[in-house]
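# Inside the fold
Chain residues, written in single-letter form:
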Amino acid sequence: MKRTRAIGLLTVGAVTLATAAVATVTAHSQEVEAQAETYTWSNAQVAGGGFVPGIVFNETQADLIYARTDIGGLYRWQQSSETWKPLLDWVGWDEWGYTGVVSVATDPVDPERVYAAVGTYTNDWDPNNGAVLYSDDYGETWGVAELPFKQGGNMPGRGMGERLAIDPNDNSTLYLGTPSGNGLWKSIDYGRTWAEVASFPNPGNFVVTPGDSYLGDNVGVVWTEFYGDNVYVGVADPDNPVYVSTDDGATWAPLAGASQIGSVDGHDNIPKQAAIDAVNGYMYIITSWDPGPYNGNPATEGARGGSVWRYAIATGTWTEIHPGPNGASYEGFGFGGLTLDAQDPGTLMVTSVNAWWPDETTFRSTDSGATWTQSWTFDGWPNRVDRFAIDHSSVGWLDWGVTNPAQGEKSPKYGWMIDSMAIDPHDSDRVMWGTGATIYGSENLTNWDANQTFDVTPMVHGLEETSVQDLAAPPTGPELYSALGDVGGFAHTDLDAVPDAFYDAPRMTTARSVDFAELNASVVVRVGELDGTVNMGISSNSGGSWWAGQLPSGATGGGTVAVTANAGAIVWAPDGLAPQRSTTYGSTWTAVTGLPTGARVESDRADANRVYGFSAGKFYTSTDGGASFTAASFTGFPATGNVRFGAVPGKAGHVWLAGGADDGTYGMWRSTDGGATWTQVAGFDEADTVGFGAAAPGQAYPAIYASASRSGERGIWRSVDQGATWVRINDDEHQWGFTGAAITGDPNVFGRVYIATNGRGVIVGESSDYEPGPTGTASATPTGSATPTSSQTPSEQPTTGGPSGGCTATWSSTNAWPGGYQGSVVVKNDSGSAKTGWTLTWTFPGGEQVGSLWGGRWSQSGAVVTVTNESWNGSLASGASATVGYTATMPGSTPARLTPTCTLR
């Protein structure tokens, strides 16, 4: 893909000239291993998971549809598969802000042309300026026109617009409305160069919260519409919300009478969206007291939050056509979405925005706003009558786990944060609207007018927009655990299928960290927040069900969590509180010693006694299961910036660390002695994440993956020989913006890698054509060997039951506490042939009772416990094994030795 960047000096009428350097994007060479290898890229399926503020249909080419997201890029509809194709995966690390799409415009004259205004934040969270991307081939390849100011794809008002518009009278001319007082901009060369329209008099003045770092920016110029020779521009200024030019933008004037739309029931309003019905000569405008996408009701008794207006272009007459009602059942909301039916002039729809309770609603008119009907109404509280029926089975989690909604509510909801709704200009029956989590749509919309139910389904597949905070790939059970923003996360049992539900109680709006016990992988722990309240979830059956841990007082954020390899202890480092330790599965906590507040924690994957921490340039090691930590003497680590690290499965004491900051130390380090000594991994000028997966053929050491810059080349890197040589496995077409939160390989499939993105979901890479090549000499010579410590001696050594039909059962106890203990049984197939299932039994000698059990389906009758395999661990090849873990009561001070037996089938 060729991408060029330029901003030229442009003179069009009365304009202010912009100056900037011209740059060119060029491809980089890759360091290549001896073998040829191909990587394919996809997503762990979630389907949506984020806000879709814009959906735009092309006016002249059927089925050409674009959807823009606030942090996850731009997508194009693929009618043959009814899925969305991502178009901005080429955006790299340094330009990650381009994944926030402010606006999209598809050319009605030359439909292959498409434009996107990009840039994520107007404050200092994004260090770069924004840009306009331009494509002549439906978004397959792009050019980049850099702008001398920032844009806000994830700022307040991101659902307003569209800010980017193509003049249908001359499609080489485009207009761009901007935030932050930068005014109106124009291009006359198909978006290649841009200049400010100096004659445009009003850059806007509406600010949500003056002085706030996020809410304190001027919302600015928000949309452009065309009618004949007239150009109309909407501005976030309640006093002068609409301007018009009749001379191709040379001069501008406030539109007569428009000031009245800037106030509704005593609240300032701004014009969120506009649309023109050229057949009937009307311009429609929806307004709201807040630019959105969050605030709805202005919290004033009896006041509306916005309105709907119709402007007759020929006569200059304004008519308020607010659909109502405005009573106790539905007061206060503003409007977020507006769409017209091009096939049936006079038909329009508007949506409420953040009415929140009991649900959003859409109003529809077939007579230019004279009368309205509603998508649902009350027929006497709480009897709700819906015109629609939602089938969300293809994205089961959209019901948010609510199976018994409160009176007046439905599950799933019709939507929230609805700032985009679009009727297909080629098909009156098709409509799509974006919500805070999905795209809903219907293909029989006109049933509405016949008082028949119209059907709604998610039309979001292929659009992956979650912000990934952490990833963990266990050796058994689900293929992947994810910690996600907004929707909490999933246990992905099938990467190609959308999970039916996200993590259940305790629910998290955003999960921050997830970990499993490497040697007892059914035990999983996650931490995060639910609307600002910190919580923790614990599972002993591979995420099949969860319970909430007790929360130590004082935590302000989820932080990070680690589980010792045998699940004997949980170490949690929440924000705002000294790190804590629990040996009772989260029911009680004790502050650890030697580890500072705010540290990051990880567990050793082979030694159950080792836990690691990092904070402010120092690495810490615990050899007593996380009870106490000691700082290493090494002083070469980054003191600033994000630092992430991980321990190598199967290699006690092997730890790799990556992180740093541009203005300080930045790179990758490794230790083979539990963090006592370290060696820097040569060649990395920047490194941000490191993770591990199944070893390559012919290798004994796990493959290593990193999101990093090596010799100046940013990418996803892999080593199969302990870091001696590295290969970049992604390419310039697959970069996904920011990839620095988490990375892990699959422990069972060589070459498979999972990559966390900020808005493009979980990326899955699959390798093919790999052939082992010559390996290099290890770049880091081990400085010591780590011997597993034994400060926590298991209370019982393993015992093995006699073979039964070629099956061997081996029992051991890995942890104990007053009144209870944790045990495990390994079932091994010694029959010499593959088997499809197994049964395990044992007898408790002292009245013990199983509390929880994972890795099998169990029952207890008196003292006898019977366990049969799960569906996922029943098939055992010859020599293969499955592990059952459990907790049980304990009458004495030590667990009684068990002698289990097993049979195969």
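Residues numbered from 1 in each chain as written. Predicted model: local features only at pLDDT ≥ 70, side-chain atom pairs only at ≥ 80, totals over all residues. Heavy atoms only, no water.

### Some thoughts on the pattern of salt bridges
- Enumeration over the complete set of coordinates arrives at 33 salt bridges.
- The salt bridge involving Arg304 is made with Glu320; its shortest N-O contact spans 3.1 Å. Of the two residues, Arg304 sits in the loop between strand S24 (282–288) and strand S25 (308–312) while Glu320 sits in strand S26 (residues 317–320), which places them 16 residues apart along the sequence.
- With relative accessibility at 17%, the residue Arg304 sits in the buried group.
- Two residues, Arg728 and Asp732, come together in a salt bridge whose shortest N-O distance is 3.1 Å.
- Ionic contacts of the salt-bridge type, sharing partners, join the residues Asp110, Arg113, Asp136 and Arg192 into one network. (Salt bridge = Lys/Arg side-chain N within 4 Å of Asp/Glu carboxyl O. Helix = DSSP H or I, 4+ residues; strand = E, 2+ residues; numbered from the N terminus. Buried < 20%, exposed > 50% of the residue type's maximum accessible area, 1.4 Å probe, protein only.)

### Looking at the layout of surface pockets
- Each pocket or cavity is described by its volume, and for the second largest pocket that value is around 1,300 Å³.
- Contributing to the lining of the second largest pocket are 49 residues, with Phe57, Glu59, Glu225, Ala275 and Ile276 lying nearest its centre.
- Secondary structure elements with two or more residues in the lining of the second largest pocket: strand S5 (54–57), strand S9 (101–106), strand S13 (164–166), strand S17 (221–227), strand S23 (270–277), strand S27 (334–340) and strand S34 (420–423).
- The element that contributes the greatest number of residues to the lining of the second largest pocket is S23, accounting for five residues. (1 Å grid on protein atoms, 1.4 Å probe; cavity = no way out; pocket = protein on both sides within 12 Å on 5 of 7 lines; lining within 4 Å. Points joined across faces, edges and corners; volume = space filled by probe spheres on them.)

### Observations concerning the nonpolar core
- One finds Trp84, Trp397, Met432 and Ile439 to be the most contacted residues of the largest nonpolar core, which totals 54 residues.
- Counting residues in each nonpolar core, the second largest holds 23 residues, with Ala809, Val867, Leu876 and Met890 among its members. (Core = buried A, V, L, I, M, F, W, Y, C linked by side-chain atoms within 4.5 Å.)

### A closer look at the sheet that holds S26
- Read across the sheet, four strands follow the order S23-S24-S25-S26 without closing on themselves; strand pairing throughout is antiparallel. The sheet is open, and its two borders are formed by S23 and S26, each paired with just one other strand. Ignoring which end each strand starts from, the neighbouring axes of this sheet average 25° apart.
- Direction of pairing for S24 relative to S25: antiparallel, over a ladder of five bridges. Directly across from Tyr282, in S25, lies its bridge partner Ala312. (Pairing = 2+ DSSP bridges. Axes fitted to C-alpha atoms, helices over the stretch in contact; angles between N-to-C directions.)

### Focus on empty space enclosed by the protein
- In the structure shown here, the tally under the stated rule is five cavities of 30 Å³ or more.
- In this model, the largest cavity occupies a volume close to 110 Å³.
- For the largest cavity, the lining is made up of 13 residues, of which Met155, Pro156, Arg163, Pro179 and Val219 are closest to its centre.
- Of the residues belonging to the lining of the largest cavity, the class tally is six nonpolar, four polar and three charged. (Nonpolar A, V, L, I, M, F, W, Y, C, P; charged D, E, K, R; others polar.)

### What about the state of the cysteines?
- Scanning all chains against the criterion turns up one disulfide.
- For Cys807, the disulfide goes to Cys902, at an S-S distance of 2.0 Å. Looking down the S-S bond of the Cys807 and Cys902 bridge, the torsion is -115°, so its handedness is left-handed. Taken as a pair, Cys807 in strand S65 (residues 807–817) and Cys902 in strand S72 (residues 901–904) lie far apart in primary sequence, 95 residues in all. (Disulfide = S-S within 2.5 Å.)

### Section: the pairing of strand S37 (residues 454–458)
- Taking every second residue as pointing to the same face, the buried face of S37 carries Phe454, Val456 and Pro458, while none of Asp455 and Thr457 on the other face is buried.
- Of the strand pairs in this sheet, strand S36 (residues 439–442) and S37 are connected by two bridges, and their pairing is antiparallel. By the bridge assignment, Gly441 is partnered in S37 with Thr457.

### Describing the sheet that holds strand S50 (residues 611–615)
- Across the sheet, which stays open at both edges, the four strands sit in the order S49-S50-S51-S52 with antiparallel pairing between neighbours. Strands with a single pairing partner mark the edges of an open sheet, and in this sheet they are strand S49 (600–603) and strand S52 (630–631).
- When S49 meets S50, the two strands line up antiparallel, connected through four bridges. When the bridges of S50 are listed, Glu602 appears paired with Tyr612.

### Things to note about the confidence of the model for the protein
- On average, the protein scores 90 in pLDDT, and the residues at 70 or more come to 91%.
- Of the regions scoring below 50 in pLDDT, residues 1–35 engages in 96 contacts with residues more than four places distant in sequence or in other chains.
- In the predicted structure, residues 775–798 sits below a pLDDT of 50 and forms 59 contacts with residues beyond four places in sequence or in another chain. (pLDDT = per-residue confidence, 0-100. Contact = heavy atoms within 4.5 Å.)

### Some remarks on the side chain of Asn730
- By the element assignment, Asn730 lies in the loop between strand S60 (727–728) and strand S61 (743–745).
- Taking relative accessible area as the criterion, Asn730 reaches 3% and is therefore assigned buried.
- A polar atom in the side chain of Asn730 sits 2.9 Å from the backbone nitrogen of Ile716.
- Polar side-chain contacts of Asn730 include one of 2.9 Å to the side chain of Arg728. (Polar contact = N/O pair within 3.5 Å; in protein donor to acceptor, adjacent residues only side chain to side chain.)

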